[in-house]
Structures are given as C-alpha cells and as structure tokens.
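Notes for the structure review
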Amino acid sequence: MNSAYEKYFRQDRLPHIWCPGCGNGIVLSAFARAMEELNIDQDKTVVVSGIGCSSRATTYVDFNTLHTTHGRALAFATGVKLANPELNVFVFMGDGDSSAIGGNHLIHASRRNIDITAIIIDNNIYGMTGGQYSPLTPTGKKATTAPYGMVERNFDLCELVKGAGATFVARGTVYHAKQLTDLIVAGAKNKGFSVIEAVSQCPISYGRRNKMKNALEMINWQKEHAVNVKAAQKMNPEQLKDKFLIGELYRAEAPEYTAEYDKLIERVQKGGK
Amino acid sequence: MNKKVMQGNEACAHGALAAGVRFFGGYPITPSTEVAEVMAKELPKVGGKFIQMEDEIASMAAVIGASLTGKKVLTATSGPGFSLKQENLGYACLTEVPCVVVNVQRGGPSTGLPTSPAQSDVMQAKWGTHGDHPIIVISPSTVKECYTLTVRAVNLAEKYMTPVVFLMDEVIGHLREPIDFDEVKDLEVVDRKKPDVSPEEYVSYAAGEDGIPVLAPFGTGYRYHVTGLTHDEQGFSTMAPPVVARMNQRLMDKIDNNLDDIITFESENLEDADVVLVAYGSSARSAKEAMRWLNAADQNVGLFRPITIWPFPEKEIRKIAGNVKAIVVPEMNMGQLKLEIERAAAGLTKVIGVNKVDGEPITPEEIINAVKGVL
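Here's the deal with the sheet that holds strand β7 (residues 168-173) of chain A
Either a parallel or an antiparallel arrangement is found when strands of a sheet pair, and the pairing is made through backbone hydrogen bonds. Across the sheet, which stays open at both edges, the 9 strands sit in the order β9(A)-β10(A)-β7(A)-β8(A)-β4(A)-β3(A)-β1(A)-β2(A)-β10(B) with mixed pairing between neighbours. In the strand order of this sheet, the two ends are held by β9 (226-228) of chain A together with β10 (225-227) of chain B, each with one partner. Going from strand to strand, the sheet's axes swing by 20° on average, the running direction of each strand aside. In this sheet, strand β3 (residues 88-94) of chain A lies alongside strand β1 (residues 45-49) of chain A in parallel orientation, the contact comprising 5 bridges. Each residue of the ladder has a partner; that of Ser 49 of chain A, found in β3 of chain A, is Phe 92 of chain A. Of the strands in this sheet, β1, β3, β4 (117-122) and β8 (194-199) of chain A touch helix α2 (residues 24-38) of chain A, which is tilted by about 170° from β3 of chain A. Most of the contacts of helix α8 (residues 177-189) of chain A go to β7 of chain A, to which it runs at about 165°, and overall it touches β3, β4, β7, β8, β9 and β10 (244-251) of chain A.

Here you go:
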C-alpha cells in the first residue's frame, strides 16, 4: 500500500473479506486517494454504511465509522450531519441497499440536499446473500432469484437522484479509477447532497451467471460500454446504444439543508417567527 | 406557585427539553403528534434540531446518528410506528446508543383505533425487536409524571447507554392537568460519561466495572467503529463464541445489576391488604379511585403501581403475592403484564385480570366488581 494512503485504513482490520475480483477494493482506494486530495480531517469525518458487501467498507477505513442497518445508512447519516454540521459525512451503500430497501431515504436525502456525499457501489446484484437480483440488475440478466432472467425494469439511479433534488450527480467505474477519485473529490466539495455511482463488478455472484467469466472480462465490459459524458455529446443515438454515461452528469445550486436549519435557529432566537 | 395546564404529550416534550434533549427525529402519528409539534417549536429556541423524517424507520435511525454526536435525543410515535422502529431500536440496544422512544399507545392490532387508548404494547416494548436484549420501559400516570419521568427516562438512557421506551397511553397523552413548575425545576439531569483516557488508549466497548461503555461523541478525536453486528470490545464484528457470550451477557448485566436504581414504583396500603391492585399508566388512576372507594367501605385493598415496567419489579410482586388473597390487574389489553405478574407470583396467590380492549378506559366500577368477586 502506498504509504500516503495507509493512514486512511485500519491496518489491523485488513485483509478485507471481499472475494477475489471484487471491485469494492478499487472503489475504496479511490476513496482514500480522494481523502488525501481533500486533506480531510479524519477526526472530523464520519463514514456511514448500510448492510451488504459494499457496506463492509466502514470496517476498514479509519474515521468515525457507523455500520448501520440494511438500507438505512442515509437516515443515520442525516441524524449525524444535522446534529453536528461541522462533521464531514460520507456514506457507502450498495445498489440493493440504496435503491430497494433504502430507496426512500435516497430520495429524501436528495430532496433535502443535505451535505452528505454518498458513494453507491453498483455491482448489479445482492452479493452478500449470494446473488439475488436488485433494482439495478439489468432486465434479462440472471440472478439466483431470477433464474430465467430479470423480468423487472432496472433503475437509472443517477436520473432518480437528479429528479429527487441531489445537487451533484456522477457516475464512475472501477476501470476508470482515477476519474472515480476525481468524482468523489468533486462530490465532497459540493455543499449539498452528492451521489457518485461507482459501477463495479461481482464476478462470483453476477458475472458467472451472466456469461462473464472473470473480473477482467467484467472490467473490460466497463471500459467498452462506459462513455464519458463530454464525449457522448458528439455521439449519435446509434453510437450510444448499449452504452452508459460516466463523469459529472449533473450539478445544480440549491440551499443546503443543515445550513438552512442553522439560519432558522438564528431567526427564531432573534424572536422571529 | 408556577402552574401551567398542559397535555401529557406536551409535558413529555417539555420534560425532554429540561433533561437536555437537543435533537428530535420523528414522524407524525396519532396520538403522539403533539410531542413532535412542541419539539419543532421549542428546539430551535435552545439551539436544538428537529427533523420530520420520511418515515418511522428513518426517524429512529436519525436519532441514533444524532446521539452518536453526543446529543441527547428523543423520538415519539404510537403503535404502528413503534412496530416500524423495532429493528433500529434493537440496533441502539446492541450498539449501546442512548435514546428515548416515546410510544403513546393506541388501540391495535394494525391501524386499530388511532384515537383510542390501549396498553397493548407492553410486551412489544420488551420483546419487539429480535434477539435477547435489555430495555428500560417507563410508564407515567399523570401529566406531571409525563414531565418528570421523561427527565428520568433521558437520565437512564444516558447513564446506562441504552434506549429507554417511554410507554404512555392515549389517555395520559391527551389528558390536561396542571403542573407546578416550581416543583419540577430542580430535577437531577444526568449526562453520559466522557472518556477519561486519550484517544490512543480508548477502547470503545471495553466497559469498566459497571459494565457500561463510554462512547465518545463523533468528531472529538476518538475514532472508533459502531456496528449492529455482534462485536468485541474494540467495536468490530466477531463470531468468537466466548467474546459473543461475554458481550451479550454484559448487555443484560448492565441493567440486571442495577435493578434497585432503575426500578421505581408507587405503593399504597400494602400493609394488611387482602387484595392488591397492580396497575400502571392511566389504568392506575382508575385503580387508585377503586381502592379509595373500597377502603371507604372498610375493605383492605392496596395498590402497587410499577413506574418502571421493564425491568419488571419481580421482587416486589413476589413479596406482595405471599401476603394477599389475590392480585387484581386492570390493563387495557388482553392481559399482558398479568402474565409477568403471574410468573413473579409463582402460584403464591391468584392473579385476576380486568381487561378491556374496546377503546374505552377501564372504570373504577369495573375494578371494584373484580375485587368483590375475590373478597
């Protein structure tokens, strides 16, 4: 490990439990690089997660860490941030965690535009429980609970949070690891709710069932199907067929919730209504 | 004299503020909503934070998150909302995060009778979340107690690093009575312990001799891990049987070893009583009235009112059971605390329930009739 990043990890908690070929470690290294670039104060930073493979991240990183219940990471994080807005709050979630059981909290964190940076590791599957379909499993793909192929339509999570009011929305991939770091940095700098979807791979529980034999093949798939949002502007719909966009997808200005609440306190304490 | 007339729900909110609660996360639900309404209005005045979350699950989560920053926290709900909060209530038990959960009981099951009283969440308050776990449950009988006992609930949460359920019922929640604020202005307020070691020496879940861990507020330089997985003294998940056993046992012991501090009750006329009424919450008011009428008719009837319902005052009930012809238990449910009283009485006396689940409070007459059947 590069010594500059060692301090962000709890060395005594490594090695991690993730399977060989899992993308979570690459996302976590992008996170550590982002922390270094931000020169973040570890004592003043809280990292929250839900339940699932991605949510194990909080065990390994050396911050104030909060490993919560399934789907509820953002609700816990909202309490942390509102109670003490001076804390930097990051949230790790998986695709099932954030968009199925935790979908409501994702919508409302977006709506409030609370200053939290959420990193959603999207590996298209429930990995911890052995490969059940999630709302981000593409239609037609196989899972243990979709043995004949996923019947349901899948979410575009970035569109969802954009619609709900998030003020920074980005998508990266494990293959584009450097860009992922940049997106986390940009998300953290946004004073509001930021979502970074990190497209990752689960060779064990997803790849093997969907004709992608190993991690390399899956990462190559990311390379071949991801199109930078700027490059996409020069491409026609035919060229963009089967592709997905990466990069900073959306940015907006909106009042940040905890700052607005502090203004409310000031107003009330001055005797206002 | 500094008297104010207020509702039980309002008194509960004001008690919380007096106890130092500075964060409220909640969701509207009848008949508890006034607690949230008062908190929304009053918290900003004292620099506190109020948030109406997207659902009951989220509000329980938010108060736990806020508590970890060192704030005293409260949430309030009723039956259906209490059901929704259970998973995260268990999380707070295991992670030992202080919080107070107000449940203003209404008729159930399901949506039930939203505007009618019940006492049917007594067992849920104890066993609602999965797994063996400790819990403290307190039940007020007057508006003044809604104030004073909320202070006590917050104190106990902070002292024992545990959730405390404040189990009201619709009658008490919406009843209006005077509180003399001169009488309640000097209540003891307890703050959770702070680490007395440096961050390097700090071990989050290595509880001292009292079995109670010291959790440093997030952001104060003590970096540690909090997880709902069964964890070791360092706060990290473990499946090592001896460590798991030790942690689970400590969780129970920190409550069980302090029963004399945690359990409070009120008793009247227990000496020479032939029959003792055991009642809590609003039913205790009817029981007290029934006792007065019976005493006036020269019947030896006493009253035992558990204020702490869980942990259950087993020792006290056992003592009563050995001295009386019967214990009569009026409850607005099908006989929940009665089961526990029967267990504690261990066959030493008859335990007779006066149970009502029609959405109406139990009247003194109904209790008197039950007592007359025994005497």
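Here the narrative resumes.
Examining the pairing of β7 of chain A
Residues and elements named next belong to chain A. Within β7, 6 of the 6 residues are buried, leaving the element largely enclosed by the surrounding structure. Burial of β7 is two-sided: the residues Phe 168, Ala 170 and Gly 172 facing one way and the residues Val 169, Arg 171 and Thr 173 facing the other way are all buried. Between the parallel pair β7 and β8, the chain is carried across by α8, and the sense of this crossover is right-handed. For β7 and β10, the ladder comprises 4 bridges, and the chain directions are antiparallel.

Quick notes on the domain arrangement of chain B
When the parts come together, some accessible area is lost, and that loss is often what is quoted as the size of the interface. All names here are of chain B. Domains assigned within chain B are domain 1 (3-180) and domain 2 (266-374). Just the C-alpha atoms count here: the centres of domain 1 and domain 2 sit 26 Å apart. Contacts between the two partners involve 26 residues from domain 1 and, on the opposite side, 23 residues from domain 2. When domain 1 packs against domain 2, the two sides together hide about 1900 Å² of surface, and 56% of this comes from carbon and sulfur. If you sort the residues of domain 1 by the area they bury against domain 2, Gln 119, Val 122 and Met 123 come out on top, with a joint share of 31%.

Notes on the interface of chain B and chain A
On the chain A side, the residues contacting the 41 residues of chain B number 40 residues. Each partner contributes to the roughly 3300 Å² buried at the junction of chain B and chain A, and carbon and sulfur atoms together form 57% of this total. Among the residues chain B hides against chain A, the three largest losses belong to Lys 49, Glu 54 and Arg 223 of chain B. Together they make up 22% of the total. Between the two partners, chain B and chain A, sit 4 salt bridges. A salt bridge links Asp 43 of chain A to Arg 223 of chain B, with the shortest nitrogen-to-oxygen separation between them at 2.8 Å. For the interface between chain B and chain A, the tally reads 20 residue pairs in polar contact (both at pLDDT 80 or more). If you list the elements that add at least two residues to the side of chain B that touches chain A, you get β3 (49-52), α3 (56-67), α4 (79-95) and β10 of chain B. Among the elements that make up the side of chain B that touches chain A, the one with the highest residue count is α3 of chain B (7 residues). Here the residues of the side of chain B that touches chain A are counted per class, giving 20 nonpolar, 14 polar and 7 charged.

Comments concerning the confidence of the model for chain A
With 100% of its residues at a pLDDT of 70 or more, chain A shows a mean pLDDT of 97. Ranking the helices and strands of chain A by mean pLDDT puts helix α4 (residues 73-83) of chain A first, with 99, and helix α1 (residues 3-6) of chain A last, with 89.

Concerning the side chain of Thr 238 of chain B
All names here are of chain B. Looking at the element boundaries, Thr 238 is found in the loop between β10 and α8 (241-256). Overall, the relative accessible area of 18% leaves Thr 238 in the buried class. Within the structure, Thr 238 has its side chain in polar contact with the backbone nitrogen of Ala 240 (distance 3.0 Å). With residues up to four places along the chain from it excluded, the contact list for Thr 238 reads Thr 230, His 231, Asp 232, Val 243 and Val 244.

Some points on unusual backbone geometry
Residue Pro 15 of chain A is bonded to the preceding Leu 14 of chain A through a cis peptide linkage, with omega at 5°. Summarising the element assignment, Pro 15 of chain A is placed in the loop between α1 and α2. A cis amide bond, omega 0°, links Gly 108 of chain B with the succeeding residue Pro 109 of chain B. With respect to the helices, strands and loops of the structure, Pro 109 of chain B is situated in the loop between β5 (99-107) and β6 (113-117). Positioned with a positive phi, Met 161 of chain B is a non-glycine residue whose angle comes to about 50°.

A word on the packing of helix α11 (residues 314-321) of chain B against helix α12 (residues 336-345) of chain B
Residue and element names in this part refer to chain B. At a closest axis distance of 8 Å, the pairing of α11 and α12 adopts a crossing angle of 65°. For the element pair α11 / α12, the angle class is roughly perpendicular. The way α11 lies across α12 gives a crossing that is right-handed. On the side of α11, the interface is formed by Glu 314, Ile 317, Arg 318 and Ala 321, while α12 contributes Ile 341, Arg 343, Ala 344 and Ala 345. Counted by class, the contact of α11 with α12 contains 5 nonpolar, no polar and 3 charged residues.

Concerning the packing of α2 of chain A against α8 of chain A
All names here are of chain A. Contact geometry for α2 and α8: axes closest at 8 Å, N-to-C directions at 50°. The orientation of α2 relative to α8 falls into the category oblique. Here α2 and α8 pass one another in a crossing that is right-handed. Counting all contacts with α2, which are made through Ile 26, Val 27, Ala 30, Phe 31, Arg 33, Ala 34, Met 35, Glu 37 and Leu 38, the residues of α8 involved are Ala 177, Leu 180, Thr 181, Asp 182, Ile 184, Val 185, Ala 188 and Lys 189. Of the residues in the contact of α2 with α8, the class split is 12 nonpolar, 1 polar and 4 charged.

Structural notes on the sheet that holds strand β13 (residues 301-306) of chain B
All names here are of chain B. Pairing in this open sheet of 5 strands is mixed, and the strands run β11-β13-β12-β15-β16 from one edge to the other. In this open sheet, the two edge strands, each paired with only one partner strand, are β11 (265-268) and β16 (350-355). Each neighbouring strand pair of the sheet contributes to a mean axis angle of 20°, computed without reference to strand direction. As judged from the 3 bridges shared by strand β12 (residues 275-278) and strand β15 (residues 326-331), these two strands associate in the parallel manner.

Structural notes on the packing of aromatic side chains
Counted according to the given criterion, the structure contains 15 aromatic pairs over all chains. Between Tyr 147 of chain B and Phe 181 of chain B the ring centres are 5.3 Å apart and the planes differ by 90°, which places this aromatic pair in the edge-to-face class. In this pair, Tyr 147 of chain B is assigned in helix α6 (residues 143-160) and Phe 181 of chain B in the loop between β9 (176-180) and β10, connecting sequence segments 34 residues apart. By way of ring pairs, the aromatic residues Tyr 8, Phe 31, Phe 63, Phe 90 and Phe 92 of chain A are connected into one cluster. One Lys or Arg, Lys 4 of chain B, reaches over the ring of Phe 181 of chain B and ends 5.4 Å from the middle of that ring. Above the plane of the ring of Trp 127 of chain B lies Lys 126 of chain B, whose end atom (NZ or CZ) is 4.8 Å from the centre.

Conventions used here
- Residues numbered from 1 in each chain as written.
- Chains lettered and ligands numbered in written order.
- Predicted model: local features only at pLDDT ≥ 70, side-chain atom pairs only at ≥ 80, totals over all residues.
- Heavy atoms only, no water.
- Pairing = 2+ DSSP bridges.
- Helix = DSSP H or I, 4+ residues; strand = E, 2+ residues; numbered from the N terminus.
- Axes fitted to C-alpha atoms, helices over the stretch in contact; angles between N-to-C directions.
- Contact = heavy atoms within 4.5 Å.
- Buried < 20%, exposed > 50% of the residue type's maximum accessible area, 1.4 Å probe, protein only.
- Right-handed = clockwise from strand over helix to strand, strands pointing away.
- Domains from an automatic or database assignment.
- Buried area = accessible area lost by both parts, 1.4 Å probe.
- Salt bridge = Lys/Arg side-chain N within 4 Å of Asp/Glu carboxyl O.
- Polar contact = N/O pair within 3.5 Å; in protein donor to acceptor, adjacent residues only side chain to side chain.
- Nonpolar A, V, L, I, M, F, W, Y, C, P; charged D, E, K, R; others polar.
- pLDDT = per-residue confidence, 0-100.
- Parallel < 35°, antiparallel > 145°, perpendicular 65-115°, else oblique.
- Left-handed = near helix turned anticlockwise from the far one by under 90°.
- Phe/Tyr/Trp six-rings, centres within 6.5 Å; stacked < 30°, edge-to-face > 60°.
- Lys NZ or Arg CZ within 6 Å of the ring centre and 35° of its normal.

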